[in-house]
Amino acid sequence: MPRVDKNFKTEVLELVLRIPRGRVMTYGQIAALCGAAWAAWEVGQIAHYGDPTIPWQRVVNKKGDLAKGYPGGASAHQHELEQEGIEVINNKVDIERLLWFPAKKNH
DNA sequence: CGTGTGACGCGAG
DNA sequence: CCTCGCGCCACAC
């Protein structure tokens, strides 16, 4: 299983944990906020191989598409999102409306 | 060390 | 709407 830079990984995990219920963030946005705008792939790898206690359902790609590799498939991902009140249309979320930006962080 | 791949992003056609 | 290519990275082979 792929490993990722521990520091980057930690930042990603903490950031994802800060996503409020009912909101989402994109891989690219997360990567950028963690100081690696080009490492959207890394975020995906962390999601797949990283800590399973992280609410990865709140992480989607820039188009609002659901995670292709989500355990149980995109349908499971959609179900998780809908449980939080996130409306999923055509396997996508209203990224424009639900995207969350960290107000500020003491990091 | 070259090549392929991946829960990505974006531009070009 | 679609595919294709390139970008960055880490990792498996």
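Structure shown above.
Residues numbered from 1 in each chain as written. Chains lettered and ligands numbered in written order. Predicted model: local features only at pLDDT ≥ 70, side-chain atom pairs only at ≥ 80, totals over all residues. Heavy atoms only, no water.

Some thoughts on the layout of surface pockets
Counted only if it meets this: A 1.4 Å probe that fits but cannot get out identifies a cavity on a 1 Å grid over protein atoms alone, an open set with protein on both sides within 12 Å along at least five of seven lines counts as a pocket, and a residue lines either if it has an atom within 4 Å of a point. Grid points are joined across faces, edges and corners, and a volume is the space filled by probe spheres set on the points. Elements are defined by DSSP. Helices are runs of H or I of four residues or more, strands are runs of E of two residues or more, and each kind is numbered from the N terminus.
Of the volumes computed, that of the largest pocket is approximately 600 Å³. What lines the largest pocket is a set of 20 residues, among which Y27, G44, A47, A67 and G69 lie closest to the centre. A per-element tally of the lining of the largest pocket places helix 3 (residues 40-49) first, with six residues.

A look at the protein's contact with DNA strand B
Here is the rule: Any residue with at least one heavy atom within 4 Å of a molecule or strand is counted as near it. Under this definition, polar contacts are N or O atom pairs within 3.5 Å; protein pairs additionally need one hydrogen-donor-capable and one acceptor-capable atom, and for neighbouring residues in sequence, both atoms have to be side-chain atoms.
For DNA strand B, the set of nearby residues contains 15 residues, the closest of which are Y27, W41, Q45, A47 and N61. Sugar and phosphate atoms represent 47% of those atoms of DNA strand B found within 4 Å of the protein. Within the contact set of DNA strand B, a phosphate oxygen lies 3.4 Å away from a backbone nitrogen or oxygen of G28. Within the side chain of Q45, an N or O atom sits 2.5 Å from a base nitrogen of DNA strand B. Elements with a contribution of two residues or more to the surface near DNA strand B: helix 2 (27-33) and helix 3. When residues in the surface near DNA strand B are grouped by element, the largest group, six residues, is from helix 3.

Remarks on the side chain of N61
This is how the line gets drawn: Each residue is assigned to one of three classes by its accessible area relative to the maximum for its type, calculated with a 1.4 Å probe on protein chains only: buried under 20%, partly exposed between the two thresholds, exposed over 50%. Contacts are residue-level and defined by heavy atoms, with any inter-residue pair within 4.5 Å sufficient.
Within the element layout of this structure, N61 appears in the loop between strand 2 (59-60) and helix 4 (73-83). According to the relative accessible area criterion, N61 is buried, its value standing at 17%. Once residues lying within four places of it in the same chain are set aside, the contact partners of N61 are T26, Y27, K68 and I95.

Thoughts on the environment of A37
Mapped onto the elements, A37 comes out in the loop between helix 2 and helix 3. Residue A37 is classed as exposed on the basis of its relative accessible area of 52%. Setting aside its immediate chain neighbours within four residues, A37 contacts A31 and A32.

Concerning helix 3
So the rule is basically this: Each direction from the helix axis to a C-beta atom contributes to the arc, which is the arc of those directions.
Restricting attention to buried positions, one finds in helix 3 the residues V43, I46 and A47. Down the axis of helix 3, the buried set is contained in an arc of 100°. They therefore lie on one face. Exposed positions of helix 3 whose direction lies more than 90 degrees from the buried face are W41 and H48.

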